[in-house]
Amino acid sequence: MATFLYRLGRGAFRRRGLVALLWVALLFAAGFGAASAGAPTSGSFSIPGTEAQKAFDLLEKRFPGMAADGATARIVIKAPEGAKVTDPGPKAEVEKIVGELKTGPGAAEISSVANPYEAQAVSQDGSTAYISAKYNVSGMELKDATRDALKDSGEGAKAAGLNVQIGGDALMAAPETGSGEIIGIAVAAIVLVITFGSLVAAGLPLLTALIGVGIGVSSITALANVLDLGNTTATLATMIGLAVGIDYALFIVSRYRVELAEGRERDEAAGRAVGTAGSAVVFAGLTVVIALVGLAVVNIPMLTKMGFAAAGTVVIAVLVALTLVPAILAFAGKKVLPAGEKSRLFGKGKPAGTEKKANGGTRWARFVLRRPVMVLLAGVIGLGVIAIPASKLEMGLPDDGAQPVSTTQRQAYDLLSDGFGPGFNGPLMVVVDGDKALADSTADRIKGLNGVVAVTPATLNEAGDAAVITVIPKDRPSSTQTEDLVHEIRDGSGDNVLVTGATAMNIDFSQKMNDALLPYLALVVGLAFLLLMLVFRSILVPLKAALGFLLSVVAALGAVVAVFQWGWLGSVFGVEQTGPIMSMMPIFMVGVVFGLAMDYEVFLVTRMREAYVHGERPGQAVVTGFQYSARVVVAAAVIMIAVFAGFMGASDQMVKMIGFGLAVAVFFDAFVVRMAIVPAVLALLGHKAWWLPKWLDRLLPNVDVEGESLRKHLEQSSQSPEGPDKDRELVNA
């Protein structure tokens, strides 16, 4: 592989114009496709194999139109203190809102509007009422004029002294990342400038990463409607694509400059950089792709599509690093070198191996080698303490109750809870596959259960062979009492009675996430273990890598629980409302963080393996690995943390939580696990760390990530009559 990548890198360097033209053409083609595509939808949500999904499918079959996925809105009106919405003045204002919705701008997209006085949508004390509006299209597909008309519908009532708030998914909009993403990229740029000491070298990873992300995200946008991708898919792909794109280019450019410092020609340096660091990029990218594609085992279409879309962006980032980066290095010429004699990568323009003063990575590695037990215990105990809150993890899916208190959606949610009870925001829909007698007996049984406030009479379909019963729980949708009620209804019913609705869907979704976590972990960690065993020719090094990852991801989950569920330091991180952790968060973090964690494992330990293969003792190999890789790995980690943290400014709670979780996880994994625990464990293991049974060594193919076969090939090539020109002919062929 190293030899193939060497030729690929040199070929891209020498044919820089063609390579750059192809990537720019891809960018324009993807951009044209995105511009030509229709507006993305919110993406359909289904949970195959669950009772809630079976009920929803039955509802769609027996009650055509009832299960349509069009947007809904609830305009909640509360009368002033001492008045009622049934009084003549407030009632006239409420009916005026109903009329505006039916005949005003956007009325063409509304399928129905329910008058609260006819639909029994007035609270018992008369203080609150709500208007239900149903739209023909999803919230993401609503026209701006329709959404604006909905927002303005209660202005007259507000002027009359009524409190009018709007909830529902009709106000849904694409998540906004705010200025945080720009700040994250700016931090990445500063880190790159400090690392390279050259504006050109610093700008190169940013440029190539943005091109890769542009192609990936534009492709996702172009295919969003065809593949039914959710509106957050592009945001998550941007988050991951930017992080890995900058990091992969950073490692190629860093190795290129080291090769130049050792006196090699520019095209030769590019070839060697792609052949060595590029091999690590390929395998690091493979671990990320495995982790993301592995999300398919959960069998939730939305999550599978998110994983595949993000994996596609990672593949593009790898290809960009292997081809476009060397091409742009060719255009950059000597400008990629540090200004003057100062260099953050190698001391004062001299090769790193000749610097007299040990760099920070070398000094740190020697410190760990002197006190491996102390460093190991400090790292493990520290992460273990941070992981403690993860034992109190509560999962759920966010609703309007998780919105910041300043939003109209949250205020509408609170008004409904105050006026109609906490459970009103999460009604249960019981679907009966049977006649009226079965439906009535089911309704009577549910009325006798604890935790039930109201049960509506059964609504039969036209054929009379199915019915729908709405159940209002006593407690809020995300409470354990409501979850117990759902299980109680299901346990006391036969196969012909199914419970669905948003609350039941959330419960089933969380359960499915829990059930899939261990199989997913086994699949991803198992495949990555085999991959790393190929890379490092060792059993204990991949095992140590996997265990270190588990420690960092559990600690990151503990931090997420402390901030987003308990509210610790919530104001510092922009968390306005605490609540259950998003159900997909643990499994999504496992997938993404595992792939990213293995990036640093591959980049850092590959250098150690290379030194060990060339005859250095285990301890010295650790020092050598840190001498050449520590600064670059630290820079890459800081960049990735900055990019992820930038998404914490997003308006969407899901994106904010994922951005925080990934940033914290990368911090723990890069700085505690890879930079402290890994060298401590390798120091304690010594030669045993690189042990592999001889029979297994013969069975495993040699992928040569450290470039040993490439080194031998180049030495033989330089000694042959044709000399190094032989490879040039192969490149040009």
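Source: prediction; values computed, not measured.

Criteria and cut-off values
Residues numbered from 1 in each chain as written. Predicted model: local features only at pLDDT ≥ 70, side-chain atom pairs only at ≥ 80, totals over all residues. Heavy atoms only, no water. Helix = DSSP H or I, 4+ residues; strand = E, 2+ residues; numbered from the N terminus. Buried < 20%, exposed > 50% of the residue type's maximum accessible area, 1.4 Å probe, protein only. Contact = heavy atoms within 4.5 Å. Areas by Shrake-Rupley, 256 points an atom, 1.4 Å probe, with all protein chains shown as cover. Phe/Tyr/Trp six-rings, centres within 6.5 Å; stacked < 30°, edge-to-face > 60°. Lys NZ or Arg CZ within 6 Å of the ring centre and 35° of its normal. Core = buried A, V, L, I, M, F, W, Y, C linked by side-chain atoms within 4.5 Å. Pairing = 2+ DSSP bridges. Axes fitted to C-alpha atoms, helices over the stretch in contact; angles between N-to-C directions. Salt bridge = Lys/Arg side-chain N within 4 Å of Asp/Glu carboxyl O. Polar contact = N/O pair within 3.5 Å; in protein donor to acceptor, adjacent residues only side chain to side chain. pLDDT = per-residue confidence, 0-100. Left-handed = near helix turned anticlockwise from the far one by under 90°. Nonpolar A, V, L, I, M, F, W, Y, C, P; charged D, E, K, R; others polar. Patch = residues over 30% accessible without salt bridge, like charges linked within 9 Å, V, L, I, M, F, W, Y side chains within 5 Å. Lys, Arg positive; Asp, Glu negative; His and termini not counted. Charge placed at Lys NZ, Arg CZ, Asp CG, Glu CD. Arc of directions from axis to C-beta. Expected span 1.5 Å × (residues − 1). Bend = angle between axes of the 7 residues up to and from the residue. Parallel < 35°, antiparallel > 145°, perpendicular 65-115°, else oblique.

Moving on to the overall build of the chain. A tally of regular secondary structure across the chain gives 24 helices and 11 strands. Considering the chain as a whole, with its 733 residues, one finds that 55% of them fall into the buried category. Intrachain contacts of the chain at a sequence separation of at least 6 include 80% that bridge at least 24 residues. Working note: accessible area of the chain is about 30100 Å², and carbon and sulfur atoms make up 60% of it.

On to the packing of aromatic side chains. Per the counting criterion, the structure on display carries 12 aromatic pairs. Relative to Phe603, the ring of Tyr248 lies with its centre 6.3 Å away and its plane at 65°, an arrangement referred to as edge-to-face. Of this pair, Tyr248 sits in helix α9 (residues 233-261) while Phe603 sits in helix α19 (residues 585-613); the two residues are 355 residues apart in sequence, bridging distant segments of the chain. Taken together, Tyr130, Phe420 and Phe424 form an aromatic cluster joined through their ring pairs. A cation sits over an aromatic face here: Arg16 above Phe13, 5.7 Å from the ring centre. The lysine or arginine in question, Arg74, covers the ring of Tyr130, its NZ or CZ lying 5.0 Å from the ring centre.

Right, let's get into the nonpolar core. Membership of the largest hydrophobic core comes to 192 residues, with the highest contact counts inside it found for Tyr248 and Phe549. For Phe549, the residues in contact, after removing those within four places along its chain, are Leu521, Val525, Val590, Val593, Phe594, Ala597, Met598, Asp669 and Arg674. Judged by nonpolar contacts, the second largest core, of 24 residues, contains Ala73, Ala133, Leu162 and Ala170.

What follows concerns the sheet that holds strand β1 (residues 72-78). In sheet architecture, strand pairing relies on hydrogen bonds along the backbone and comes in two forms, parallel and antiparallel. The four strands lie next to each other as β2-β3-β1-β4, forming an open sheet whose pairing is antiparallel. In this open sheet, the two strands that pair with only one neighbour each are β2 (110-114) and β4 (163-167). If you compare each strand with its neighbour and ignore which way they point, the axes differ by 15° on average. Relative to β4, helix α14 (residues 408-420) is tilted by about 110°, and along the sheet it contacts β1, β3 (128-135) and β4.

What follows is about the pattern of salt bridges. Going through the model one piece at a time under the given rule, you end up with 18 salt bridges. In this structure, the salt-bridge partner of Glu268 is Arg272, at a minimum N-O distance of 3.0 Å. Residue Glu268 and its partner Arg272 are both found in helix α10 (residues 266-293); the two are separated by four residues, about one turn of the helix. Residue Glu268 is classed as buried on the basis of its relative accessible area, which comes to 13%.

You can see Thr128 is positioned in strand β3. Residue Thr128 is classed as buried on the basis of its relative accessible area of 1%. Here the side chain of Thr128 touches Ser127 through a polar contact of 3.2 Å, side chain to side chain. Beyond its immediate sequence surroundings of up to four residues, Thr128 is in contact with Val76, Ile77, Lys78, Val85, Ala121, Val122, Ser123, Leu415, Gly419 and Phe420.

Averaged over the chain, the pLDDT score is 84; the fraction of residues at 70 or greater is 90%. When the criterion is pLDDT under 50, residues 341-355 qualifies, and its contacts beyond four places in sequence or with other chains add up to 28 contacts.

Within the secondary structure, Ala20 sits in helix α2 (residues 16-36). Classification of Ala20 as buried rests on a relative accessible area of 17%. For the pair Ala20 and Ala327, spaced 307 residues apart in sequence, the C-alpha to C-alpha distance is 6.7 Å. Not counting chain neighbours up to four residues away, the residues in contact with Ala20 comprise Leu324 and Phe331.

For the rest of this paragraph, the subject is the packing of α19 against helix α21 (residues 653-685). For the pair α19 and α21, the least separation of the axes is 9 Å and the interaxial angle reads 35°. At the point where α19 passes α21, the crossing takes the right-handed sense. Taken together, the residues of the contact of α19 with α21 sort by class into 21 nonpolar, one polar and three charged.

Taken together, the side chains of Val373, Leu377, Ile381, Val385, Ile388 and Leu684 define a hydrophobic patch exposed on the protein surface, amounting to about 560 Å² of accessible area. When residues of the nonpolar patch are assigned to their parent elements, the largest contribution, four residues, is made by helix α13 (residues 372-387). Topologically, Leu377 is positioned in helix α13.

What follows is about unusual backbone geometry. Positioned with a positive phi, Asn299 is a non-glycine residue whose angle comes to about 65°. Inspection of the secondary structure puts Asn299 in the loop between α10 and α11 (301-332). With a phi close to 55°, Leu569 is a non-glycine residue in the positive phi region. Its location among the elements puts Leu569 in the loop between α18 (540-565) and β11 (581-582). In this structure Leu569 comes out as exposed when scored by relative accessible area, which is 56%.

Let us now look at a negative patch on the surface. Together, Glu483, Asp484, Glu488 and Asp491 make up a negatively charged patch on the protein surface. Glu488 gets classed as partly exposed once you look at its relative accessible area, which sits at 38%.

Let us now look at helix α12 (residues 360-370). Every buried residue of α12 is accounted for by Gly361, Thr362, Ala365 and Val368. Looking down the long axis of α12, one finds its buried residues gathered within 125° of arc, a one-sided arrangement. On the buried face of α12, the contacting elements are α13, α20 (618-646) and α21. Where α12 begins, the capping side chain belongs to Asn359, and its oxygen is found 3.3 Å from the backbone nitrogen of Gly361.

Right, let's get into α11. Here α11 spans 44 Å end to end across 32 residues, near enough to the 46 Å set by a 1.5 Å rise per residue. Largest kink in α11: about 40°, centred on Val320. Burial analysis of α11 places 24 of its 32 residues in the buried class, which makes it a mostly covered element. Just downstream of α11, Gly333 is the residue with a positive phi angle, here 60°.

Now for the packing of helix α17 (residues 502-536) against α18. Their axes nearest at 8 Å, the elements α17 and α18 cross at an angle of 140°. Considered as vectors, α17 and α18 are oriented oblique to each other. Once α17 is placed against α18, the crossing between them reads as right-handed. Note on element contacts: α18 touches α17 through Val541, Pro542, Leu543, Ala545, Ala546, Phe549 and Leu550, opposite Leu521, Val525, Phe529, Leu532, Met533 and Phe536. Looking at the contact of α17 with α18, its residues break down into 13 nonpolar, no polar and no charged.

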